[in-house]
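Chain by chain, the residues:
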Amino acid sequence: MRDSLRWPTGNICLMQALWTRMARILVAAILAVSAGWMFQFAHVDLTQSETTRMLGGPSWVLQAQQPVDELKAFDEDFVDKTMRVDYFHSGGLGTEVLALDQIVSDGSWAGSRTRLIDDLNLGKYLFEVIDRQTNRVIYSRGFASIYGEWETTPAARQIHATFHESFRFPWPKRPVQVVLKVRDSQNSFHELWSTVIDPDSRFVNPTDRVSAGEVWPIIDSGPPSEKVDLLVIGEGYTAEEIPKFHMDAERLVNALFDEEPFRSRRSDFNVWGLDLPSPESGVSRPRAMEFRRSPLSAEYNIFDSERYLLTYDNRALRDAASAAPYEFLEIVVNEEQYGGGGIFNFQATVAADTGFSAYVFVHEFGHHFAGLADEYYTSDVAYETGSAYHPEPWEPNVTALHDPANLKWRDLVLAGTPVPTPWDKNEFESASSAAQAERRELRRQGVAETEIDRLFTEQMENETTALGSMEYADRVGAFEGASYESLGLYRSEIDCIMFTRNPVGFCQVCQRALSRVIDQYSRP
């Protein structure tokens, strides 16, 4: 009985060959799907083959197609223009309210036309642009904000406050929904606010703003859509001081490209300068009771921290910056008092004339560009610290180490390196605390900035020697003390430009994070 149902011997071999071939095709299809390829069923003419004769008809196989043309996808959804959505972010005393301000054109689109969806998982916030017809996410970006920092200060429990913020994305061809999401303590995003935008609505202003200043190239490496575009804006420079701004900007940009990974990736950047003459030199310094009305309203004493330098005036900043192609903004301030600031995907600042301006420029750009956390923890800050429990930070260079076996940079840890990694923490803290106390006394006395620079130089020399001589100084590990917390948060190396002013550059983890952002804007 069973013998009567057997295939002839020749057909058995053909069937085995067929199934082997089909299995190989299926495996290839699965692998290609995982790489993001599209497939179609193709009718294959096998009339001359043994397989077709055996099965009595044509067969179907999966045939791989090339990846979807991302540039075509951009052109299907967007036009070469930037839409800017301005809104107010208010909160305090347990409340949080967002309200639309305006929707305007912000110049031509300078960003990537292929990397439209953000896969970096950085930022406290994430906004998504969703096509209303298909409910597809057609653009997204993570970011941080001044409001997000402010709500970690004691003031947020005492008063209400409002901050101005913006989304920027390619101008859509059809109505879209813009959704703002916020990250919770478990690192999950949930919706905070949304609005529907019809690009042809009478409530959307498609007219570009007339440039408020002159744009000039510092580094010109190619088309903005294929490069990282950094705009450096002068603040607090009079018309007569514009040549000084040019020299300051070029000096500081050169300092950035002296550091890895920027040195190796210089050709992936365009850097532009923007001249914005001020009526008088300098910016507001509230603690010195010196006030200015500069074009961007940059000021010291953000959150009542004497060295924290930013602008609260987001609309003025965005209006001025619309004159140039950009994804990232650095404000160079014509002041000698030590200071600066940096917020991921928003702004970075530096005081040009302090003796440590090159360090501040690079350090703050690390915050702004890749969401790098401060790794220091012995300096005074405006934020509330000392919590008994720390959620895992979203920043790529610090960790709460809840699961040492799954350390987020574990692939960089050499065998034999203990995690957590021991270091001479008490010795460092003692010396650093003494330097901080001296700094506060010098500020109280109102000494010249050269005295502050002297203290910083002495501290830098001592710390460079001390940290560089520790047992695991050349290793990636998990060193306790980071992000303003002495206990419970860890950095990846003993020293880094995000930890001290020492001339050590970015650590390996920071370099990798920076490189990933460069790729997002300069690679297909």
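Definitions and cut-offs
- Residues numbered from 1 in each chain as written.
- Predicted model: local features only at pLDDT ≥ 70, side-chain atom pairs only at ≥ 80, totals over all residues.
- Heavy atoms only, no water.
- Helix = DSSP H or I, 4+ residues; strand = E, 2+ residues; numbered from the N terminus.
- Buried < 20%, exposed > 50% of the residue type's maximum accessible area, 1.4 Å probe, protein only.
- Contact = heavy atoms within 4.5 Å.
- Areas by Shrake-Rupley, 256 points an atom, 1.4 Å probe, with all protein chains shown as cover.
- Pairing = 2+ DSSP bridges.
- Axes fitted to C-alpha atoms, helices over the stretch in contact; angles between N-to-C directions.
- Parallel < 35°, antiparallel > 145°, perpendicular 65-115°, else oblique.
- Left-handed = near helix turned anticlockwise from the far one by under 90°.
- Nonpolar A, V, L, I, M, F, W, Y, C, P; charged D, E, K, R; others polar.
- Polar contact = N/O pair within 3.5 Å; in protein donor to acceptor, adjacent residues only side chain to side chain.
- Salt bridge = Lys/Arg side-chain N within 4 Å of Asp/Glu carboxyl O.
- Phe/Tyr/Trp six-rings, centres within 6.5 Å; stacked < 30°, edge-to-face > 60°.
- Lys NZ or Arg CZ within 6 Å of the ring centre and 35° of its normal.
- Expected span 1.5 Å × (residues − 1).
- Core = buried A, V, L, I, M, F, W, Y, C linked by side-chain atoms within 4.5 Å.

Participant: Before we go on, may I ask you to explain the overall build of the chain in this structure?
Facilitator: The helix and strand tally for the chain stands at 10 helices and 20 strands. Across the 524 residues that make up the chain, the buried fraction comes to 52%. In the chain, of all internal contacts separated by at least 6 residues, the share reaching a separation of at least 24 is 68%. When the accessible surface of the chain is totalled, it reaches about 24300 Å², and 52% of it is carbon and sulfur.

Participant: Even after reading the chapter, I still don't get the sheet that holds strand S4 (residues 95–105), so can you show me in this structure?
Facilitator: Taking strand neighbours across the sheet as the criterion, the 3 strands line up as S4-S3-S7 in an open arrangement whose pairing is antiparallel. A single partner strand is all that each edge strand has here, and the edge strands are S4 and strand S7 (161–172). For this sheet the average axis-to-axis angle between neighbouring strands, irrespective of direction, equals 20°. Across 12 bridges, the pairing between strand S3 (residues 78–92) and S7 is antiparallel. Residue His 89 lies in a different strand from S7, and its bridge partner there is Phe 163. With respect to the sheet, helix H3 (residues 70–77) is in contact with S3 and S7, its orientation differing from that of S3 by roughly 70°. Docked against the sheet, helix H6 (residues 314–321) engages S3, S4 and S7, running at close to 30° with respect to S7.

Participant: How should the packing of helix H5 (residues 242–256) against helix H7 (residues 357–370) be read in this particular structure?
Facilitator: The axes of two packed helices give the description: the angle between them and the distance between them. Relative to each other, H5 and H7 sit at 60°, their axes nearing to 9 Å. In terms of axis orientation, H5 runs oblique to H7. Handedness of the crossing formed by H5 with H7: right-handed. Residues Arg 251, Leu 252, Val 253, Ala 255 and Leu 256 of H5 touch H7, and the partners they reach there are Ser 357, Ala 358, Phe 361, Val 362 and Phe 365. Among the residues forming the contact of H5 with H7, the class breakdown is 8 nonpolar, 1 polar and 1 charged.

Participant: Got a minute to help me understand the side chain of Thr 354 in this structure?
Facilitator: Mapped onto the secondary structure, Thr 354 falls in the loop between strand S17 (347–351) and H7. In this structure the side chain of Thr 354 is engaged in a polar contact, spanning 3.5 Å, whose partner is the side chain of Asp 453. Those residues in contact with Thr 354 that lie beyond four places of it in its chain are Glu 335, Glu 336, Tyr 338 and Asp 453.

Participant: Mind showing me how you'd approach H6 here?
Facilitator: The periodicity of an α-helix, 3.6 residues per turn, causes residues three or four places apart in sequence to face the same way. The buried count for H6 comes to 7 of 8 residues, which makes it a mostly enclosed element. Buried residues of H6: Asn 314, Ala 316, Leu 317, Arg 318, Asp 319, Ala 320 and Ala 321, and no others.

Participant: Got a minute to help me understand the pattern of salt bridges in this structure?
Facilitator: Pairing is possible between side chains that carry opposite charge, provided their charged atoms lie close to one another. Evaluation of the coordinates by the stated rule reveals 35 salt bridges. A salt bridge links Glu 151 to Lys 124, with the shortest nitrogen-to-oxygen separation between them at 2.3 Å. Placement of Glu 151 in the loop between helix H4 (146–150) and S7 and of Lys 124 in the loop between S4 and strand S5 (125–131) is noted, with a sequence separation of 27 residues between them. The class for Glu 151 is partly exposed, based on a relative accessible area of 30%. In this structure, a network of salt bridges that share partners links the residues Arg 84, Asp 86, Asp 106, Arg 168, Arg 209 and Asp 319.

Participant: Would you mind showing me how to read the packing of helix H8 (residues 425–445) against helix H9 (residues 449–468) here?
Facilitator: In contact at an axis separation of 10 Å, H8 and H9 are set at 175° when each is read in the N-to-C sense. It follows from the interaxial angle that H8 and H9 lie roughly antiparallel. Contact residues: Phe 428, Ser 432, Ala 435, Gln 436, Glu 438, Arg 439, Leu 442 and Arg 443 in H8; Glu 449, Glu 451, Ile 452, Arg 454, Leu 455, Phe 456, Gln 459, Glu 463 and Leu 467 in H9. Of the residues that constitute the contact of H8 with H9, the class distribution is 7 nonpolar, 3 polar and 7 charged.

Participant: Looking at this structure, I do not really get unusual backbone geometry. What am I missing?
Facilitator: Note that the residue after Glu 260, namely Pro 261, is joined by a cis bond; omega there is 10°. Note that the residue after Val 419, namely Pro 420, is joined by a cis bond; omega there is 0°. Relative to the assigned elements, Pro 420 resides in the loop between strand S18 (398–399) and H8. At Asn 187, a position not held by glycine, the phi torsion is positive, near 70°. Topologically, Asn 187 is positioned in the loop between strand S8 (176–183) and strand S9 (189–197).

Participant: Hey, could you run me through the packing of aromatic side chains in this one?
Facilitator: Any aromatic ring pair is given by two values, namely how distant the centres are and how the planes are angled relative to each other. Counted by the stated rule, this structure contains 38 aromatic pairs. Each ring, one from Tyr 338 and one from Phe 456, has its centre 4.9 Å from the other, and the planes form 70°; the classification is edge-to-face. One end of the pair, Tyr 338, is in the loop between strand S15 (328–333) and strand S16 (340–343); the other, Phe 456, is in helix H9, and 118 residues separate them in sequence. The exposure class assigned to Tyr 338 is buried, which follows from its relative accessible area of 7%. The ring of Trp 171 carries the charged tip of Lys 81 above its face, separated from the ring centre by 5.5 Å.

Participant: Help me understand helix H10 (residues 508–522), please; the structure alone is not making it clear to me.
Facilitator: The terminal C-alpha atoms of H10 lie 21 Å apart, and with 15 residues this matches the ideal 21 Å at 1.5 Å per residue to within 8%. On the buried face of H10, the contacting elements are strand S6 (137–143), strand S11 (228–235), strand S12 (269–275), S15 and H7.

Participant: When you look at the nonpolar core in this model, what are you seeing that I'm missing?
Facilitator: What tends to happen in soluble globular proteins is that the nonpolar side chains get buried as a cluster. Ranked by internal contacts, the top residues of the largest apolar core, which has 115 residues, are Phe 167, Phe 169, Phe 262 and Phe 369. For Phe 262, the residues in contact, after removing those within four places along its chain, are Leu 256, Phe 257, Phe 269, Phe 365, Phe 369, Phe 506, Leu 514 and Ile 518. Counting residues in hydrophobic clusters, the runner-up holds 10 residues, among them Leu 467, Met 470, Phe 479 and Phe 499.

Participant: Explanation requested: the pairing of S6 in the structure shown.
Facilitator: The side chains of a regular strand alternate between the sheet's two faces. The buried count for S6 comes to 6 of 7 residues, which makes it a mostly enclosed element. With 6 bridges joining them, S5 and S6 adopt antiparallel strand pairing. Note that in S6 the partner of Glu 128 across the bridge is Ser 140. Taking the residues between adjacent antiparallel strands as the criterion, S5 and S6 are bridged by 5 residues, where Asn 135 takes a positive phi near 60°.

Participant: Is there a simple way to think about the environment of Ser 267 in this case?
Facilitator: One can find Ser 267 in the loop between H5 and S12. Distance in space between the C-alpha atoms of Ser 267 and Lys 227 is 8.3 Å, their sequence separation being 40 residues.

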